[in-house]
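Chain and residue survey
The primary structure of each chain is shown beneath.
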Amino acid sequence: MKFQSQKVAIPYFVGALALFLGQIVFGLIAGLQYLNGSFLFPELPFDIAHMSHTNLLIVWLLMAYMGAAYFIVPEEAQTELYSPRLALVTFWIFLTAGALTILSYLFVPYAHLAAITGNAALPTMGRGYLEQPLPIKVGIVLVALSLLFNVTMTLIKGRKTSINLILVGSLWGLALLFLPAFYFPQDTVKASFGWWWIVHGWVEGDWELILGALLGFILIKMTGVDREIVEKWLYIIVAMTLISGIIGIGHHYYYTGAPAYWIWLGTIFSAFEPIPFILLIAFSFKMLLARRREHPNKAAMLWALGTPLMAFLGAGLWGFMITLAPAQYYMHGTNFTAAHGHLAFFGAYAMVALAIISYAMPLLRGRIANSAAAQRWEMTGFWIMVLSMIGIALALTGAGLVTVLLQRAADDPMSFMQVQDKARVFFWLREFAGLAFFIGLLVYLRSFFIAGEYGYAGEMKQALAA
Amino acid sequence: MKLPQAIPLKPCTVSWFALLGLTTITYELSARAPGQALMALVLGVMLVKAHLIVSDFMGLRHTRLLWRIVMAAYLAVVGGIIAFTCLTA
Amino acid sequence: MATEISVDYPQALPGDFAIWIFIFAELVVFAALFAAYAFARSAHLEMFDAAQATLDRAYGYANTLVLVTSSYFVARATQSIKAGRATRCGHWLAGALGLGGVFLALKLAEFQQDLAHGISLSTNLFYMFYLSLTFFHFMHVVMGMAILAVVAYKAYAGRYGAADHAGVETGASYWHMVDLVWIILFTLVYVVH
Ligand code: HEM
Ligand code: HEM
Ligand SMILES: [Fe+2]
């Protein structure tokens, strides 16, 4: 850390981790409700648990990326943040709005919430991930504008590196792509267009650029490899992301009432979407091999290398499995999709957030790296979370397979509830894996409470003795 | 001593003329009645043109065998798929 | 003592290796598009041939000549910079850029004509492929021109030299790739019938 103002990242990172914990708790509840439909009913119905889970996911990821931007942009621009105070105020507004949203889900019936927040005047509520009431959506835009103003002004007055340009540019993209949230026409085809511009536009376009920028920053810092090399790779990854991802949106337009040519365009172009993830792997490991120093923050390196691998698994492999039109014909909306969503969201976007937090937090707390003991906790948390997320994905894949075999591709299709019953064992497995994930998260969080910093002398002595 | 390697002037210009000529042939063939011989000719011309670009313009004729094989394999696969779908149509 | 040195010793790929990773990825993408076209065509032979016959092949022919020539100019630009002649390199690149502009203009005129005939992605499978393949390639020409423009600017600014020509080769390699896929595209979409 070189600039005082980078410290505003701390509340963002802490807040993100707290919301992450909340997300997982709601995930566990929703998972239990799969096994016992009346669990916590009527106090907390499944749909509320589900949308609290997914909204918290989005909010904590956004919070982590904002923290990352406040940390990275000044360092790259080599100047103090334009307005640290604005960043802090924005944090509290964002956190309050996020908490209010979840509380209103929990304590106000959704239809009533819609009525009292003006949804009749401008309907926006009800679509997945975008369930927030209108005032909250407006608030999200304002928070984003505040962030964009702050980092853009910082960028303008400082050094313009490629990492900063890609990062700030993709943050602008993130905000612009949110605007279709205010477009919710009656026509379901058009409504789903608008919805996918956001969801697909984010995860298979814009956020991949954020991911690339964050990973690039971490790898430059940790390996000491020349900036030019990293930047060249980033530009290629950006280009491949856009070439495949923009038209690849067609994989959501099959059989929806959209023109039939999307079956071809979506199939062909989305089939290339794994390429940028493969490039990310090649890039990260090339940087690792070309490293000029051994950074003492082993945990951050583990996250940074785990991210592209898990992202490829979740987005590249599980995404590819369901993306071709003939596959979607059978798999659409089954638990194959949920398996892919979990593995991809965790592997790409949660993990890169945890990677930047892992790299930045020790620096923000005034040390180059955490003590070896703290890092051991963190890395144990890494492995438990990664492995149990693979477990969740495999369990959901099993459940998806049951649906495809007994319902979608069956001569004599079973009803939805009959199929759910047949898949019960997989829902149990999902819940167990989810519990393991929760434990992994606690282990990970524990690492923040282990005092002390990395001591070269001590580690050396230990290594020699061993 | 290793000399700085310039792409020799002549082959490059010759290749350019060849490309113009071959393109004209392709255009000429495009109006002919369809047939397998025509198809073979058209694809053959395409592969020759592609080879000229790869070898002389891109300069891959001066690179390691590996890269030349990679490119040749690429063209073979693409040409092969086109030929295959024509034959099985 | 070495008296005879073969000038033809093998070299690494011209330009920056990173651009080659990109080029190979792009080639794979185009190959899949070509394969999809070829298989779709074999499944709907009559319709493809009938629709293809309505294309104005003169456009494709002219554009191939234009693009091949611009590629030649770029090859000459690479030779110039290796000979240390930066301004001449810039001139060749400027010429190539001009031809790229001609290609875009011709292609737009052709699209304009299609549009006037009421042709769209939904007309039939052939036009779906024809329009999306050529538009996808069109965007690559635009991107290639952006790269060439940067290289040309740097060449005129004296940022390259006989010993430092990798930047020119990098841009040139991409442009040749754009030319290469057009050769295949032209043959496949305009000619093979
Ligand atoms: C890190 C990147 C990615 C993330 C976070 C992600 C996440 C998701 C999520 C959450 C959904 C479910 C949306 C819903 O609620 O309906 C989804 C759907 C889908 N994803 Fe991805 N995805 C990513 C990349 C990819 C890639 C690269 C592909 C293709 C190769 C892909 C193919 C699909 C398809 C076809 C669907 C629709 C499934 C259905 O409707 O049944 N995704 N994705
Ligand atoms: C304790 C671990 C977790 C459990 C038990 C869990 C459980 C669930 C459940 C039950 C659903 C609803 C599925 C449905 O609508 O049928 C869900 C949805 C979802 N969860 Fe989780 N989750 C967990 C962790 C995570 C994590 C770590 C992430 C990402 C970082 C995540 C991302 C999502 C997403 C994106 C959806 C929406 C999927 C879709 O609509 O297709 N979950 N989760
Ligand atoms: Fe998508």
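Residues numbered from 1 in each chain as written. Chains lettered and ligands numbered in written order. Predicted model: local features only at pLDDT ≥ 70, side-chain atom pairs only at ≥ 80, totals over all residues. Heavy atoms only, no water.

Attention now goes to the overall build of chain C. A tally of regular secondary structure across chain C gives six helices and zero strands. Start at the N end of chain C and walk to the C end: the helices and strands fall as α-α-α-α-α-α. Each of the three principal axes of chain C carries a C-alpha extent, and together these read 65 × 35 × 25 Å. Among the 193 residues that make up chain C, the fraction classed as buried is 60%. If you take every contact in chain C between residues at least 6 apart in sequence, the share linking residues at least 24 apart comes to 81%. As displayed, chain C offers around 7100 Å² of accessible surface, 65% of which is attributable to carbon and sulfur atoms. (Helix = DSSP H or I, 4+ residues; strand = E, 2+ residues; numbered from the N terminus. Buried < 20%, exposed > 50% of the residue type's maximum accessible area, 1.4 Å probe, protein only. Contact = heavy atoms within 4.5 Å. Areas by Shrake-Rupley, 256 points an atom, 1.4 Å probe, with all protein chains shown as cover.)

This part is about the overall build of chain B. Helix and strand counts for chain B stand at three helices and zero strands. Here chain B holds 89 residues, and 45% of them are scored as buried. For chain B, contacts bridging at least 24 residues in sequence account for 67% of all contacts bridging at least 6. Looking at chain B as shown, the accessible area adds up to about 4500 Å², and 74% of this sits on carbon and sulfur atoms.

This paragraph deals with the interface of chain C and chain B. Contact with chain C, which involves 49 residues of that partner, is made by 50 residues of chain B. Both sides of the chain C and chain B interface together cover about 4500 Å² of buried area, and 75% of this is carbon and sulfur. Summed over the shared surface of chain C and chain B, the number is zero salt bridges. Counting across the chain C and chain B interface gives seven residue pairs in polar contact (both at pLDDT 80 or more). The set of elements that each furnish at least two residues to the side of chain C that touches chain B consists of α1 (17-43), α3 (57-82) and α6 (166-191) of chain C. When its residues are assigned to classes, the side of chain C that touches chain B shows 33 nonpolar, ten polar and six charged. (Buried area = accessible area lost by both parts, 1.4 Å probe. Salt bridge = Lys/Arg side-chain N within 4 Å of Asp/Glu carboxyl O. Polar contact = N/O pair within 3.5 Å; in protein donor to acceptor, adjacent residues only side chain to side chain. Nonpolar A, V, L, I, M, F, W, Y, C, P; charged D, E, K, R; others polar.)

Residue and element names in this part refer to chain A. Those donors, His200 (ND1), Glu204 (OE), Glu204 (OE), His251 (NE2) and His252 (NE2), are the protein atoms that reach the iron ion (ligand 3), and they lie 2.1 to 2.6 Å from it. For the iron ion (ligand 3), the single-chain donor residues occur in sequence as H-x3-E-x46-H-H. Here the iron atom of ligand 1 and the iron ion (ligand 3) are spaced 4.6 Å from one another. Placement of histidine 200 in helix α7 (residues 188-223) and of histidine 251 in the loop between α8 (227-248) and α9 (261-270) is noted, with a sequence separation of 51 residues between them. (Donors = N, O, S within 2.8 Å, 3.2 Å for Na, K, Ca; no water.)

Residues and elements named next belong to chain A. In the vicinity of ligand 1 lie 25 residues, with His251, His332, Gly333, Thr337 and His340 positioned nearest. At 2.8 Å from an oxygen atom of ligand 1 is found a side-chain nitrogen or oxygen belonging to histidine 332. Of all the secondary structure elements, the ones that give two or more residues to the shell around ligand 1 are α7, α11 (298-323) and α13 (335-364). Element by element, the count of residues in the shell around ligand 1 is highest for α13, at seven residues. (Near = heavy atom within 4 Å.)

Roughly 1100 Å³ of volume is contained in the second largest pocket. Lining the second largest pocket are 33 residues, with Lys232(A), Tyr235(A), Ile236(A), Ile19(C) and Ile147(C) sitting closest to its centre. When contributions to the lining of the second largest pocket are tallied by element, the ones reaching two or more residues are α8 of chain A together with α1, α5 (125-156) and α6 of chain C. Ranked by the residues each element gives to the lining of the second largest pocket, the list is headed by α8(A), at eleven residues. (1 Å grid on protein atoms, 1.4 Å probe; cavity = no way out; pocket = protein on both sides within 12 Å on 5 of 7 lines; lining within 4 Å. Points joined across faces, edges and corners; volume = space filled by probe spheres on them.)

Residues and elements named next belong to chain C. Look at α1 against α5: their axes get within 10 Å of each other, and the N-to-C directions meet at 165 degrees. Between α1 and α5, the interaxial angle falls into the category roughly antiparallel. Along this stretch, α1 crosses α5, giving a crossing that reads as left-handed. Contacts from Phe22, Glu26, Val29, Phe30, Leu33, Phe34, Ala36, Tyr37 and Ala40 of α1 reach α5 at Leu125, Phe126, Phe129, Leu133, Phe136, His137, His140 and Met143. Class assignment of the residues belonging to the contact of α1 with α5 gives a composition of 14 nonpolar, two polar and one charged. (Axes fitted to C-alpha atoms, helices over the stretch in contact; angles between N-to-C directions. Parallel < 35°, antiparallel > 145°, perpendicular 65-115°, else oblique. Left-handed = near helix turned anticlockwise from the far one by under 90°.)

So, on to the site of ligand 2. Residues and elements named next belong to chain A. Every one of the 23 residues lining ligand 2 counts as a neighbour, but Gln23, Tyr34, His50, His53 and His342 are closest to it. Contact between ligand 2 and histidine 53: a nitrogen atom at 2.6 Å from a side-chain N or O atom of the residue. Sorting the residues of the shell around ligand 2 by element identifies α1 (9-35), α2 (46-77), α13, α14 (372-408) and α16 (424-446) as the ones contributing at least two each. Looking at the shell around ligand 2 element by element, the count peaks at seven residues for α1. Class assignment of the residues belonging to the shell around ligand 2 gives a composition of 13 nonpolar, eight polar and two charged.

One finds Trp60(A), Leu61(A), Trp207(A), Tyr444(A), Phe129(C) and Val189(C) to be the most contacted residues of the largest nonpolar core, which totals 251 residues. Among residues more than four places away in sequence, those in contact with Tyr444(A) are Leu17(A), Trp303(A), Leu354(A), Ile357(A), Trp377(A), Glu378(A), Gly381(A) and Met385(A). By size, the runner-up hydrophobic cluster in this structure holds six residues, among which are Ala399(A), Val419(A), Ala423(A) and Phe427(A). (Core = buried A, V, L, I, M, F, W, Y, C linked by side-chain atoms within 4.5 Å.)

Let us look at the interface of chain A and chain C. At the interface, 15 residues of chain A touch 22 residues of chain C. A combined buried area of about 1600 Å² lies between chain A and chain C, and 89% of that area is made up of carbon and sulfur atoms. Its largest share of buried area at the contact with chain C, chain A owes to Ile236(A), Tyr261(A) and Trp264(A), together 32% of the area lost on that side. Our count for the contact surface shared by chain A and chain C stands at one salt bridge. With a shortest N-O distance of 2.4 Å, Asp16(C) and Lys232(A) are connected by a salt bridge.

Residue and element names in this part refer to chain A. Summarising the element assignment, histidine 252 is placed in the loop between α8 and α9. In the structure, histidine 252 is positioned 168 residues away from glutamine 420 in sequence and 24 Å away in space, judged by C-alpha atoms. Excluding anything up to four places from it in sequence, histidine 252 contacts Trp196, His200 and Glu204. A polar atom in the side chain of histidine 252 sits 2.8 Å from the side chain of histidine 251.

This part takes up the side chain of Thr397(A). Residues and elements named next belong to chain A. Of note, threonine 397 is situated in helix α14. Judged by its relative accessible area of 13%, threonine 397 falls in the buried class. When residues no more than four places from it in sequence are discounted, the contact partners of threonine 397 are Trp318, Met321, Asn335, Phe336 and Ala339.

Let us now look at unusual backbone geometry. All names here are of chain A. Note that the residue after phenylalanine 41, namely proline 42, is joined by a cis bond; omega there is 5 degrees. Mapped onto the fold, proline 42 is located in the loop between α1 and α2. We note that glutamine 78 has phi near 55 degrees; this positive angle belongs to a residue other than glycine. By the element assignment, glutamine 78 lies in the loop between α2 and α3 (84-107). Owing to a relative accessible area of 48%, glutamine 78 belongs among the partly exposed residues under this scheme.

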